[in-house]
Amino acid sequence: MILQALLAYAERDNLGDADFEPVGVRWQISLARDGRYVGLLPLSDDLTAKKPRPKTLSRPFTSPNALTQTGDKARSYFLCDTLERSGLYLDPKTPEKHENRRAQHRYFRRLLSAAAESSPATASILNAVLAFLDNSAALTTLHADLAGAKAKPNENATFAVDGVDLLTLPALRDFWRQRRQAETGNAAASRETRVCIATGELAPTLDTTEKIRGIPGGLAQGTNLISFDKSSFCSFGLQQAQNAPLSPAAELKIRTALNTLVQNSRDQRLVFNNTIYLHWSHEPIADADDPLSTLTSADPDAVRRLLDSIRAGTRQIGINDNAYYCLGLSGNGARIVVRDWLETTVARVQDSVAAWFDGSEIVDPDGVTLRYGHKFGAILYAMVRAELEELPPPLPAALFYAILRGNPVPLPGTALAAAVRRQCLDQRKADDLRDPRLNPARMGLIRAVLNRFPNQPILMTAQLDPACSDPAYLCGRLFAVFDRLQYLAQGQLNAGVSERFYPSASVTPSLVMGRLFRNAQFHLAKAGGGAAENVRKDFEAISTALGTEFPPTLTLEQQGRFALGFYHQKADYRRISAENRAERAIAAST
């Protein structure tokens, strides 16, 4: 079913040009008509971006399998290739590859010569490039410019003569199509005719398939979806890809669909722990209606539209029957590993994503604004110190698919464990502008996981719930009261109550809270003023609700409720402080 869904996607969007492929090109080497070197131009789809990405251009296709050949069989791309193969800008870190790169460069020049002979109209332009490549002094100047621009030898470059990019010339594109048709025609004559597993039709089938680019964990030159390179993988005397036969047309469409979807998912940063998640629908939908695009971007307007459309029943007509697919892929050397596959409908995924946004809603640290959505990446980073590699490898995928499947599938308990652990470890430093423990994405995750646990007796709210009598939640609130009283009495300290006692108070309250309870009475006496009086009321109300004993230990779920109680109470104090400042400002102005 995966192959058929990919095939339908390619046919829907008219993907699959056997002779050309989209590729990122970082540099344009500008030449004059006589072959003089003019300059080096960086290419990007958005040069103003903080990290500009290479410009996407259409390049003549050459099989990556051919590029692995060496010696007299060395091959290169036509017109546009890496700086090593096209401009002999060799990588000093891999001297063992230099001889093969020179052989590939010679083939690059032979292709230009063949095109000049076949297409007289472009001969002068191609001869200008050849004259430049024959000029060692000009190449030295180019290499100096590349070094100054910090270019990498594996970045792609194209040539322009008098401002005309060779990739745009119709005559050169026609030359390449004719050359490719001659090559593929010879190969087709020797192919076996079998039933294609993607189309179910009788057709000549391929012995080997082309590689898919951009699969994490795979090889730099690409990774194979279908690979039978050992006899133990083969059956019935069949060799290589004949064990899973694909026609050339189906293979091209599936490969192009995968390459397109991989690039889309990389743009959306849907890569976690060396697994990339592709998503698409059977019928076209707008980006604003794509639930995974909304999940990854968490655009406030898109989240609000999604929630409102489901609550009001105003979704797009026909969306209930539109199939939706999600495919998790990773690389294992030269092969693609299918990690996960979800086949559902757009409407169901929208319901699931909307339920996630609704369940992870949380008040901002200001105590006023309700945050309806967090980027999925922000949720993951809320569980680590710096890098996602700190997470258990299965966690991102488990959380991702639990969100997509929605209720009654619970969110993984490992996500709660990671969030609670990070909450204990985070420490506010003297120069921090914000308290790392007041992380709304982390608190939204904790709330969502707790409320999705089966048979949950307590539903946690998005903001302070004075009526909640859960001991763990009350302990978290009381701990925030202790922290507030110390601040009112002593001001901002480098290591206050929160920094010194949060980990132990959130796990074993009875060992810590009694001591803090006694200290709080001294802080209360020292603080004085209206603010201290309001905190005293909270102190008394929470203490009364807790009773005479603190819980000896808290389970993982209770630690999550402790974190929410602490966060809610701190946010509420910030709200009250902001309101008091506003009232004083109004009074002063009058």
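This text follows the structure it describes.
**Things to note about the nonpolar core**
Next, step 1: Judged by nonpolar contacts, the single largest core of 85 residues is most densely connected at M383, F400 and F479.
Next, step 2: Setting aside chain neighbours within four positions, we find F479 in contact with V497, S498, F501, Y502, A505, M513, L516, F562 and F566.
Next, step 3: In terms of nonpolar packing, the next biggest core, distinct from the first, is built from 42 residues, A123, A138, A151 and F159 among them.

**Examining the packing of helix α10 (residues 300-312) against helix α11 (residues 346-359)**
Between two packed helices, what matters for the description is the angle formed by their axes and the separation of those axes.
Next, step 1: As a packed pair, α10 and α11 sit with axes 10 Å apart at the nearest point and diverge in direction by 115°. By the angle class used here, α10 and α11 are roughly perpendicular. α10 and α11 meet at a crossing whose hand is left-handed. Residues V303, L306, L307, I310 and R311 of α10 pack against Q350, D351, V353, A354, F357 and D358 of α11.
Next, step 2: Its residues assigned to classes, the contact of α10 with α11 comprises seven nonpolar, one polar and three charged.

**Section: the sheet that holds strand β11 (residues 275-281)**
Next, step 1: Here four strands make up an open sheet; going across it, the order is β10-β11-β12-β13 and the pairing antiparallel. Each having just a single partner strand, β10 (271-272) and β13 (335-345) make up the two edges of the open sheet.
Next, step 2: Where strand β12 (residues 323-332) lies against β13, ten bridges are found, and the strand directions are antiparallel. The residue of β13 that forms the bridge with L327 is W341.
Next, step 3: Here helix α13 (residues 394-405) sits on the sheet and contacts β10, β11, β12 and β13; the angle it forms with β13, its principal contact strand, is near 20°.

**Some thoughts on unusual backbone geometry**
Next, step 1: The step from N407 to P408 runs through a cis peptide bond, and the omega angle for that step is 10°.
Next, step 2: With respect to the secondary-structure elements, P408 resides in the loop between α13 and α14 (413-425).
Next, step 3: A positive phi angle, near 75°, is found at L79, a position not held by glycine.
Next, step 4: A positive phi is found at D162, a non-glycine position, where the angle reads about 55°.
Next, step 5: Relative to the assigned elements, D162 resides in the loop between β6 (156-161) and β7 (164-165).

The rules behind the values
Residues numbered from 1 in each chain as written. Predicted model: local features only at pLDDT ≥ 70, side-chain atom pairs only at ≥ 80, totals over all residues. Heavy atoms only, no water. Core = buried A, V, L, I, M, F, W, Y, C linked by side-chain atoms within 4.5 Å. Buried < 20%, exposed > 50% of the residue type's maximum accessible area, 1.4 Å probe, protein only. Contact = heavy atoms within 4.5 Å. Axes fitted to C-alpha atoms, helices over the stretch in contact; angles between N-to-C directions. Helix = DSSP H or I, 4+ residues; strand = E, 2+ residues; numbered from the N terminus. Parallel < 35°, antiparallel > 145°, perpendicular 65-115°, else oblique. Left-handed = near helix turned anticlockwise from the far one by under 90°. Nonpolar A, V, L, I, M, F, W, Y, C, P; charged D, E, K, R; others polar. Pairing = 2+ DSSP bridges.

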